[in-house]
Amino acid sequence: MRVVEQTSDRLVIEIRPVALMILCLGLFLLFFVLGFGMRLFLPSITGLMGMPDMPGLSNIPQVPGMNFLGYASVIPLLVAVFLIKTRRLTFDRAAGQVTIARRGLLGRSETRYPLADLQGASLAASRSHNSGTTYRAMLHLGAETVAVTPYGTGGSGPARTVEAINRWLGPRAAGLSSLTGDQVATVAAALDKLGIKLPK
């Protein structure tokens, strides 16, 4: 997660899952080489190491299930193609919109929401016995809750995304509706000194 642009009127956050892409690519290569490549690569590796020719090395018997590993290499590749996308969140006060743009290997898509519906962002935790706890950022848009990513991660990215959104959003003007005009002006002036602008 990185903040591309941050002003009082506009916030742009980009989420690029580089670690997940590297993991999927690594798993693809590992499964592919173990499944299909050992009979082809082992003789070449021994030749590069300066070892004498071993005629039996090219006739390594096929281990049951190794071809299955080769075919299983398609799974991380499919995950990389269909699930892993760069997401760009744009919060624009001037346009009054929240835009979630997704860019992946299969193209781009974009979803827009009214900024007035945005109540804030929160962190959703998902616990698993195998992988521990993962987190993802959620946007609260009126009655709808929208996940920023379809998967959770264990790093600090989701928490930093939530913090950046809520800090930019500031206190909601609706929370000041019970105050009188003078009280609103006093609160707005105090927040302005702290560098927090109330949404209009």
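The shown structure was predicted, so the numbers you read here are calculated from the model rather than taken from an experiment.

(A) Geometry of the overall build of the protein chain. Of the regular secondary structure elements, the protein chain holds five helices and eight strands. For the protein chain, long-range pairs separated by at least 24 residues make up 52% of all intrachain contacts whose partners lie at least 6 apart in sequence. Accessible area for the protein chain stands at about 12,600 Å²; split by element, carbon and sulfur atoms hold 62% of it.

(B) View of the sheet that holds strand E7 (residues 132-141). Spatial strand order, E6-E7-E8: three strands in an open sheet with antiparallel pairing. Lying at the two open borders of the sheet, with one neighbouring strand each, are strand E6 (118-128) and strand E8 (144-147). Taking each pair of neighbouring strands and ignoring which way they run, the sheet shows an average axis angle of 35°. Bridge count between E6 and E7: ten bridges; the pairing is antiparallel. Bridge pairing in E7 places Leu123 opposite Ala137. Against the sheet, helix H4 (residues 157-169) makes contact with E6 and E7, and its axis sits at roughly 165° relative to E6, the strand it touches most.

Cut-offs used in this document
Numbering of residues starts from 1 in every chain and runs along the sequence as written. Note on the predicted model: pLDDT of at least 70 is required for a residue's local features to be given, and 80 or more for side-chain atom pairs to be given and counted; whole-chain, interface and lining totals, by contrast, use all residues. No hydrogens and no water enter the side-chain calculation; it runs on all heavy atoms of the structure. Numbered from the N terminus, helices here are DSSP runs of H or I no shorter than four residues, and strands are runs of E no shorter than two. Contacts are residue-level and defined by heavy atoms, with any inter-residue pair within 4.5 Å sufficient. Note on areas: Shrake-Rupley, 1.4 Å probe, and residue coverage restricted to the protein chains presented here. Being paired, for any two strands, means DSSP has found at least two bridges between them. Lines fitted to C-alpha atoms define the axes, with helix axes restricted to the stretch in contact, and inter-axis angles between N-to-C directions lie between 0 and 180 degrees.

From the geometry alone we can't say anything about function, so treat these as descriptive.
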